[in-house]
Every structure is written in C-alpha cells, then in structure tokens.
Amino acid sequence: MFFSFVFGSFQLFFSFVCFIVFLFFFFSSLGHSLGYGFVNYLNPSDAERAISTLNGLRLQSKTIKVSYARPSSDTIKDANLYISGLPKTMMQKDVEEMFARYGRIINSRVLVDQASGLSRGVAFIRFDKRAEAEEAIKDLNGQKPPGAAEPITVKFAASPNQVKNSQIIPPNYHTPPRRFGGPVHHQAQRFRFSPMSVDHMSGMSGVNMPGNSSSGWCIFVYNLGQDADEGMLWQMFGPFGAVTNVKVIRDFNTNKCKGFGFVSMTNYEEAAMAIASLNGYRLGDKILQVSFKTSKSHK
DNA sequence: TGCAATT
C-alpha cells in the first residue's frame, strides 16, 4: 500500500510513457514482490537523472540497481544461472570474469556466510539472453576453475520465489536538490554492491538512540509552512541518503500543515548528516528545526 | 516551543 502510494505519486508527478527504468534489488527478493519494478518517465532526462541519482543507493540491507529496462521478450527470460562448488576465494569479480565470455552479464552475486563473511561458494549470474546462459552451462558445468580442486556446478537457477521482508524505494524529486546543501549523492557508495557496506549503526538499534525505530531513523522537522508538502521533504532529505518515508502533519479539517513533519531514513549516518545540514536551514521565511524524533508519543 | 498516525 505504501508501495502504491510511492508509485502513485511517481505517476502523478512524472506521468507516462517513454523511458523505462528498471530496478533490481540485489541480495534476494522481498515480500511478495519479485524484487524489481518499472517506472515510466515522460522525459528522457528525468529517467537519466533517476538512474544517476538512485543507482547503487543502499536501502536497508539492499543496494538497488536502477537502469534502463531491457525490452521484454522471451529471449531474456530464464537466463539466470546458479553456480555452486566455487572456490571460496573467488569473489564476485572473479566469477564474472569466468562467465563474461558467454555474454552480457546483467547482474551477479556471490552468496556470503552471514557469520563468517566468507563466500559460500555459490553464485548467481543473470545473462542478458537465455542462449548465453545455455552456452555457459554447456561449457562450464563440471569444469574446474584454474587452480580449483573440485569442479563447479552450473545450472539454471530455480524460478524466483523466496519470501523476505519488504522495503520501499524513496522517490527522489525532480528539482535539483543542490540548493538544500545536500551532499553529492552517494559517490562513494555507488556501484559498491557489497554486503560489507552495511550501516555500522544498524546493529545499535538501541533504546537510547533518539529517533530510532525498528525500521530506520525518524526525524522531526519543525517550522514548516502552512502549505508544506511531502515533495519538499523528499527533496530536502533525499540527497543525504535513503529516505523511506515522509509525512507532513496536517489539520484534519483545514488540511493545512500544522508546522511539522517527519522523515524516515534508513541509515544513521545519512540521517545525522541530513539533520546537521538542514537544522537551521531557511525555508521561505522560516528557519527549520531538524532533529531526531523524541519519544514523547503515548497518549 | 512545537514530536503523527482518518491506511
């Protein structure tokens, strides 16, 4: 439902047709979603900006891929490979190198043991075309990688249906956010599809930490104008990192903003940076006060 | 100073 809210607003703001953005959630699928979705843009430049802004963005434990959608066709179906028996020393890059000659790799992943952080010797590789995947199986199944003691198994991956937790994509509004003094977006994190880049504060979901809840960090924004809207909050906070939700609190009768709102961000460091940067920010004729939400909420 | 919730 939040999903439909997000995509509903997206459609409202950007509407229909033309360029397609393909999203792929790395590290497994979530909820009943298959882990990916499509967004249509009216303007190619908007699609371009969505890609450059959101690709590689970390959301919870995931890193999203955002790229142009490949045209749908039977030739790209069932092109995902399951590889097992890999030497534990082989990294994602090494596995990709081994398979690259068979075709264009759409994505890849080496499974890692949660506790030890070491490779489990299992990988997935999705090729652009099923024929490429078939070639790779023919050639590499039962083969030993250079220096390996055991042969690897290469076969088609099982059809997609693992169930996991659900999470949401923060839309990023189309106005250039630089005027909010936000950081250039995620230069260091982009393309680092590694589970090592997990927020080090997320293990600290402690009771004493302000603003923290089970899903990210809630930020209190005070001194919004009467006609503040959610779009403003997305614009202000989006540049600092993964924003999962924004809310402008309005009077039920007048529908005017009561002067404050909330923003949820996934990663502590990004939330802290947003607060440090936006607290005291002048929005119109008002000086914003931005802080972690306090827990005075039980009535 | 002001910290929600009409899914």
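Structure: see above.
Read on for a plain summary of the structure. What you see is a predicted model; the values in this text were computed from it and never measured.

1. Looking at the sheet that holds strand β5 (residues 80–84)
Backbone-to-backbone hydrogen bonds join strands into a sheet, with any given pair of strands oriented parallel or antiparallel. The strand order across the open sheet built from four strands is β6-β7-β5-β8, with neighbouring strands paired in antiparallel fashion. Looking along the sheet, the strands with just one partner apiece sit at the ends: β6 (105–112) and β8 (153–156). Neighbour-to-neighbour, the strand axes of the sheet open up by a mean angle of 20 degrees, direction not taken into account. As paired strands, β6 and strand β7 (residues 119–127) are joined by six bridges and run antiparallel to one another. Counterpart to R109 in the pairing with β7 is F124. Here helix α3 (residues 92–99) sits on the sheet and contacts β5, β6, β7 and β8; the angle it forms with β6, its principal contact strand, is near 135 degrees.

2. Quick word on the pairing of strand β9 (residues 217–222)
As paired elements, β9 and strand β11 (residues 257–265) share six bridges and run antiparallel to each other. Counted as the bridge partner of W217 is M265 from β11. Two elements, β9 and strand β14 (residues 289–292), share four bridges in a ladder whose sense is antiparallel. Paired with I219 across the bridge in β14 is F292.

3. Let's talk about the pattern of salt bridges
Summed over all chains, the structure comprises eleven salt bridges. Here D46 makes a salt bridge to R49, at a shortest N to O gap of 3.5 Å. You can see D46 and its partner R49 sitting in helix α2 (residues 44–54), three residues apart, about one turn around the helix. Owing to a relative accessible area of 14%, D46 belongs among the buried residues under this scheme. Sharing partners across several salt bridges, the network here consists of R70, R104, D128 and K129.

What counts, and where the lines are drawn
Residues numbered from 1 in each chain as written. Chains lettered and ligands numbered in written order. Predicted model: local features only at pLDDT ≥ 70, side-chain atom pairs only at ≥ 80, totals over all residues. Heavy atoms only, no water. Pairing = 2+ DSSP bridges. Helix = DSSP H or I, 4+ residues; strand = E, 2+ residues; numbered from the N terminus. Axes fitted to C-alpha atoms, helices over the stretch in contact; angles between N-to-C directions. Contact = heavy atoms within 4.5 Å. Salt bridge = Lys/Arg side-chain N within 4 Å of Asp/Glu carboxyl O. Buried < 20%, exposed > 50% of the residue type's maximum accessible area, 1.4 Å probe, protein only.

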